[in-house]
Structure formats: C-alpha cells, structure tokens
Amino acid sequence: MGTRDGALLVVGDVVTDVIARHQGPLASGTDTAAAIRTVPGGAGANVACWAAHRGCGEVRLLGRVGAEAADWHERELSASGVEPCLVVDPEAPTGTVICLVDAGADAERTFLTDSGASLRLEPGDWSDALLDGVAWLHLSGYLLFSAPSRALVTVALASARARGVPVSLDPASAGFLVELGVDRFLALVEGVDVLLPSRDEACLLTGLQDAADAAAKLSRHVPLVVAKQGADGALVARSGAISAHVPAVPTAPRDTTGAGDAFTGAFLAALLTGAGPQEAALEGCRAGALAVELVGGRPPETG
C-alpha cells in the first residue's frame, strides 16, 4: 500500500485491567486461588502501544479517563512511546475491566467490564486539528457501544474522509455487538477502509459459520477485511474473496488478553511503513504470539 508519512491516530478506550489468573474452574461460593495484577489496558490504548512497539514512528491516542488514574495512564502511554491526548472526565471514574484468565493450556479469558469514562468520549472531545500530520486513523469498536462515542465516531469518520485519511476499525466485542445489532453496526462503519474482526465477530456480523466465508462476505461492505483467527492465524479478504491465509506463529500462551489488540497495532504499524496487507497480517500474527506469552494487553517494556 506504500509507505505513509505521518502519524497514526488511535481513538478509543483507556481502562485499568485487573487480571486474575486462576487454575481450573472457579469455585462457586468460596475461594479460588489466583495471581492478581493491576495493569493499564483498553483496546484502543493497547493498539496504540503495540503500534509504537512495532515501529510506527509517531502514535497518538485520544481517550477519556477519570481524574483518579489520569496521571498514571498518561505516564504509562508515554513510556510506551505513545503521545497521550487524554480527556479527564469530571464525573465518571476510569473504566475498569476484570479479566478472569484460566491459566490452563489455552489461557482463555472472560471479561467483566465497567466502561466508566472510556465510552463517554463525545463530539466535543474531537477537533479536526487532531488529524494534523496524521496518515491513518484507527477507531476502537468499543466506541460504538454508547451514544456519545457513536456520535464521536460519526464526526471523526467525516473529518478523516474530508482529509483523505484512511480509517480502520476493530469491532472489539462479539457480546456487545449482539446488543448493538448487526445492521446498525454495518451502517455505522460505512466509509471505513479496513475492518479487523475476530473469527466470532466476523461470523456474527454475517450470520455465517465458516470464518473464510464470513470474511469474504464482509469484504463486500468494507474494502479490506483482515479477520483474526487466533491459533489459526489470519484471513485477508478483498472484493468478496479471500486473498490470503496467514498462518499463526507457534507460542505457549499465558494470557490471551490483548492478543487481538497486539495484532491490530502491529498490522497498522506495518501498513504505515509500506507493507502490503498479507505481510502486515504476518506482523500482526507475530505480535499476537508475543502478546499471549505476557500477562496483560501491553507490549513488553523496552530498555
């Protein structure tokens, strides 16, 4: 797609993750031993950090947080190479997600989500000046799950289209998509250039059970679809057909939290440095493999 000079602007959620890694099933009504850590998270913030980690020269993040954790999140983002543009909410606390991770072989996770300030981003938080020097805009799909942030998405998309800035979006949550509705989602993402769903999200959005069929169908609505398949790698689809199946990178998972965000961040970093979609998807798979070996959704510290 050619090297793009300019920054990546990510608009999305910034939350605090409380990760509890437990062995085996939860014991209802009593105690279950777990290793518990509190770390910075949020799909939008994670994507931004992974993009910076994988070589994107300038990454900015627009998000909304509560006053109680604003300084911490700003420091963490800056330390990861991301320029934070955080709006401090005068009322709501920072969003919090409790991640229950089964420390078994698949390290699968279940989320309990209190979105807090993260989904209170609104059109008043947007300025066209945010796109100054920006070569790509990425939107976290979580923004579609509240009225204020849906309105922001509409404004940001229109602003990006007016400037000729490409836009990508990650649907974010199959559970929340059910509540939003498929037709509503597809209408809201009209004009998006790249869609990065998970297997479950792609199947939900199309009503198809086969991931390849689902990705192909979605690519009739969005020019480029890159469907993340977890241990099965990724599918690249254009114009109603699969153009590539990129294999996963073997790994030993500890915590799958943020693996999809890692994929997305690395994919976008690769696109911006001149990679084609298939090569960028391979970079995404590499980042996803690294992410599941770590606890939390952010890349490893450097230096």
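Residues numbered from 1 in each chain as written. Predicted model: local features only at pLDDT ≥ 70, side-chain atom pairs only at ≥ 80, totals over all residues. Heavy atoms only, no water.

### Observations regarding the pairing of strand β5 (residues 59-66)
And step 1. Within β5, 8 of the 8 residues are buried, which leaves the element mostly enclosed by the surrounding structure.
And step 2. Side chains Val59, Leu61, Gly63 and Val65 of β5 all project onto a buried face; the interleaved residues Arg60, Leu62, Arg64 and Gly66 project onto the opposite face, where all are buried too.
And step 3. Bridge count between strand β2 (residues 7-11) and β5: 4 bridges; the pairing is parallel. By the bridge assignment, Leu9 is partnered in β5 with Arg60.
And step 4. Alignment of β5 against strand β6 (residues 82-89), held across 8 bridges, turns out to be parallel. Across the sheet, Val65 pairs through a bridge with Val88, a residue of β6.
And step 5. Following the backbone out of β5, through helix α2 (residues 70-79) and into the adjacent parallel β6, one traces a crossover that is right-handed. (Buried < 20%, exposed > 50% of the residue type's maximum accessible area, 1.4 Å probe, protein only. Helix = DSSP H or I, 4+ residues; strand = E, 2+ residues; numbered from the N terminus. Pairing = 2+ DSSP bridges. Right-handed = clockwise from strand over helix to strand, strands pointing away.)

### Description of the sheet that holds strand β13 (residues 234-238)
And step 1. Strand order in the open sheet formed by 9 strands is β6-β5-β2-β9-β10-β11-β12-β13-β14, and the pairing between neighbours is mixed. Pairing within the sheet leaves two strands with one partner each, and these edge strands are β6 and β14 (241-246).
And step 2. Bridging between strand β10 (residues 167-170) and strand β11 (residues 194-195) involves 2 bridges; their strand directions are parallel. When the sheet's bridge partners are listed, Ser168 is paired in β11 with Val194.

### Re unusual backbone geometry
And step 1. Phi at Ala172 takes a positive value of approximately 85 degrees, unusual for a residue other than glycine.
And step 2. Topologically, Ala172 is positioned in the loop between β10 and α4 (174-180).
And step 3. Judged by relative accessible area, Ala172 falls into the partly exposed class, the value being 22%.
And step 4. Its identity as a non-glycine residue notwithstanding, Ser239 has a phi of 50 degrees, on the positive side.
And step 5. Examined against the element boundaries, Ser239 turns out to sit in the loop between β13 and β14.

### Things to note about the pairing of strand β9 (residues 134-140)
And step 1. Counting buried residues in β9 gives 7 out of 7 residues, a clear majority hidden from the surface.
And step 2. Of the strand pairs in this sheet, β2 and β9 are connected by 5 bridges, and their pairing is parallel. Its bridge partner lying in β9, Val11 is registered against Leu139.
And step 3. Two elements, β9 and β10, share 4 bridges in a ladder whose sense is parallel. Across the sheet, residue Leu139 finds its bridge partner in β10, namely Leu169.
And step 4. Handedness of the crossover is the feature at issue here: the chain leaves β9, passes through helix α3 (residues 147-163), returns alongside β10, and the resulting connection is right-handed.

Any functional reading would require information that these geometric values do not contain.
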